Amino acid sequence: MARTQKNKATSAHLGLLKARLAKLKRELITPKGGGGGPGEGFDVAKTGDARVGFVGFPSVGKSTLLSNLAGVYSEVAAYEFTTLTTVPGVIRYKGAKIQLLDLPGIIEGAKDGKGRGRQVIAVARTCSLIFIVLDCLKPLKHKKLIEHELEGFGIRLNKNPPNISFKKKDKGGINLNQTVTQSTLDLDSVKAILAEYKMHNADITLREDATQDDLIDVIEGNRVYIPCIYLLNKIDQISIEELEIIYKIPHCVPISAHHKWNFDDLLEKMWTYLDLVRIYTKPKGQLPDYEAPVVLKHGQSTVEDFCMNLHKSILKEFKYALVWGSSVKHNPQNVGKDHVLEDEDVIQIVKKV
């Protein structure tokens, strides 16, 4: 690929090579053969409303951060690879329970299985948010290395899923519709990519200016899109001028895990990126319960989702709901089960008699 000139004539060929590469990578990730032996599992049972994983090279302060944030003891020492399995902890923030996972350090080549890197990244795939912990005394290329390891395992950081609809069919050839002018993709390159996957009949609609990688991601279908915050640790060892430069990096929070500096900024940013919706319940004739909200994900916060979160039998007896808050015009307002709730709404469910 590096030897090929980039121009219109070669774009289809490059797309084909990219697709072939993605296919081979996927085969590397999913090992062939029967089930593995009874190895030591890395994953931890999911608890709480969201899950945040700490990813980083060894000895950047992940365990110190977990100990100081969640009050859970995770072994800390001056040598690398102190943490060998996942250490969980839970914090309560703004009424939501958030599970923090201190993952073992990953090294270069982790996505190919070095240093048990695959198990670590597999746990990172299940998180709602990833904290990439970096040492601000070490070069910033470490950030690129970790991003490369995670991307190689099908994790896309701080990206939205590409707005491409893709549908296989039995006959009729490849039908390409574009609602936006495309700068890189054309029918030939799309055909070349699909031919690599042995697909010759499909409907594809491109609703944004997409790249060849975006199309491959959609075809592969096993990509996860996770928000990510970069934590630059050990800021107690640098000057104020350097700190001001660091603050300009996007998606980044400078902290000191040891001295507990800037934790409030970190938690606030974590809350913004998790994008959770808190719903307070109100029993009939009583005041709302502001202590224990029901926490839903943004985009999955209809009244129906709320009922399913409590118990699926509620939907059968559901008549209507009364809602107070920013998602309604009058307080209270009668709503059906398709109404979308917003953060800090109060709800009372009325059942069929």
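The text that follows walks through the structure, step by step, so that each part is easy to find. Small disclaimer: the values here were computed from a predicted structure and weren't measured.

Rules used in this analysis
Residues numbered from 1 in each chain as written. Predicted model: local features only at pLDDT ≥ 70, side-chain atom pairs only at ≥ 80, totals over all residues. Heavy atoms only, no water. Core = buried A, V, L, I, M, F, W, Y, C linked by side-chain atoms within 4.5 Å. Buried < 20%, exposed > 50% of the residue type's maximum accessible area, 1.4 Å probe, protein only. Contact = heavy atoms within 4.5 Å. Salt bridge = Lys/Arg side-chain N within 4 Å of Asp/Glu carboxyl O. Helix = DSSP H or I, 4+ residues; strand = E, 2+ residues; numbered from the N terminus. Axes fitted to C-alpha atoms, helices over the stretch in contact; angles between N-to-C directions. Left-handed = near helix turned anticlockwise from the far one by under 90°. Pairing = 2+ DSSP bridges. Polar contact = N/O pair within 3.5 Å; in protein donor to acceptor, adjacent residues only side chain to side chain. Phe/Tyr/Trp six-rings, centres within 6.5 Å; stacked < 30°, edge-to-face > 60°. Lys NZ or Arg CZ within 6 Å of the ring centre and 35° of its normal.

**Comments concerning the nonpolar core**
Next up, step 1: Ile130 and Met270 are the most contacted members of the largest nonpolar core, which has 58 residues in total.
Next up, step 2: Ignoring any residue separated from it by four or fewer positions in sequence, one finds isoleucine 130 in contact with Gly53, Val55, Ala124, Leu150, Ile155, Leu157, Ile226, Pro227, Cys228 and Ile229.
Next up, step 3: With 17 residues, the next largest nonpolar core counts Val190, Leu194, Met199 and Ile204 among its residues.

**Side note on the pattern of salt bridges**
Next up, step 1: Under the criterion given, the structure shown has 12 salt bridges.
Next up, step 2: Across the pair glutamate 268 and lysine 94 runs a salt bridge, and its minimum N-O distance is 3.3 Å. Of the two residues, glutamate 268 is situated in helix α8 (residues 263-274) and lysine 94 in the loop between β2 (87-93) and β3 (96-102); the sequence distance between them amounts to 174 residues.
Next up, step 3: Taking relative accessible area as the criterion, glutamate 268 reaches 35% and is therefore assigned partly exposed.
Next up, step 4: Note on lysine 94: relative accessible area 34%, which makes it partly exposed.
Next up, step 5: Taking the shortest distance from any N to any O, the salt bridge between arginine 156 and aspartate 217 comes out at 2.9 Å. Residue arginine 156 is found in strand β5 (residues 155-157), and its partner aspartate 217 is found in helix α6 (residues 212-220); the two are separated by 61 residues along the sequence. Of the two residues examined, arginine 156 and aspartate 217, each falls in the buried class.

**Examining the packing of helix α5 (residues 187-196) against α6**
Next up, step 1: The interhelical angle for the contact between α5 and α6, taken along N-to-C directions, is 40°, at an axis separation of 11 Å. Crossing hand, α5 versus α6: right-handed. Counting all contacts with α5, which are made through Ser189, Val190, Ile193 and Leu194, the residues of α6 involved are Gln212, Leu215, Ile216 and Ile219.

**Examining the pairing of strand β14 (residues 318-324)**
Next up, step 1: Here β14 runs beside strand β16 (residues 345-351); their pairing, made up of 6 bridges, is antiparallel. Paired with alanine 321 across the two strands is isoleucine 349, which belongs to β16.
Next up, step 2: In this sheet, strand β15 (residues 333-335) lies alongside β14 in antiparallel orientation, the contact comprising 3 bridges. In the sheet register, leucine 322 faces β15, and the bridge partner there is asparagine 334.

**Focus on the sheet that holds strand β4 (residues 129-135)**
Next up, step 1: Taking strand neighbours across the sheet as the criterion, the 6 strands line up as β2-β3-β1-β4-β10-β11 in an open arrangement whose pairing is mixed. Each edge of the sheet is formed by a strand with only one pairing partner; in this case those strands are β2 and β11 (252-254). Averaged over all neighbouring strand pairs, the angle between strand axes comes to 25°, with direction disregarded.
Next up, step 2: As judged from the 5 bridges shared by strand β1 (residues 50-55) and β3, these two strands associate in the parallel manner. Bridge pairing in β3 links alanine 50 to isoleucine 98.
Next up, step 3: On the sheet, helix α4 (residues 141-151) packs against β1, β4 and β10 (228-233) and is oriented at approximately 145° with respect to β4.

**Brief notes about α6**
Next up, step 1: For α6, the buried fraction is high: 7 of the 9 residues fall into the buried class.
Next up, step 2: Among the residues of α6, Gln212, Asp214, Leu215, Ile216, Asp217, Ile219 and Glu220 are the ones counted as buried.
Next up, step 3: Glycine 221 sits one or two residues past α6 and shows a positive phi near 75°.

**A few points about the side chain of serine 256**
Next up, step 1: Locating serine 256 in the fold gives a position in the loop between β11 and α8.
Next up, step 2: A distance of 3.5 Å separates polar atoms of two side chains, one belonging to serine 256 and the other to aspartate 236.
Next up, step 3: A polar side-chain atom of serine 256 sits 3.3 Å from the main-chain amide nitrogen of histidine 259.
Next up, step 4: If sequence neighbours within four positions are ignored, serine 256 has contacts with Asn233, Lys234, Ile235, Asp236, Trp261 and Phe263.

**Concerning the pairing of strand β8 (residues 202-206)**
Next up, step 1: By the criterion of burial, β8 is predominantly enclosed, with 4 of the 5 residues buried.
Next up, step 2: Summarising the sheet, strand β6 (residues 164-168) and β8 pair through 5 bridges and their orientation is antiparallel. Counterpart to phenylalanine 166 in the pairing with β8 is isoleucine 204.

**Notes on the packing of aromatic side chains**
Next up, step 1: A full pass over the atoms with the stated rule returns 3 aromatic pairs.
Next up, step 2: With centroids separated by 5.6 Å and ring planes inclined at 15°, the aromatic side chains of phenylalanine 54 and phenylalanine 131 adopt a geometry described as stacked. Of this pair, phenylalanine 54 sits in strand β1 while phenylalanine 131 is found in strand β4, placing the two residues 77 residues apart along the sequence. Neither phenylalanine 54 nor phenylalanine 131 differs from the other in exposure class; each is buried.
Next up, step 3: Residue placement shows lysine 143 over the ring face of tyrosine 230; its charged tip is 4.7 Å from the ring centre.

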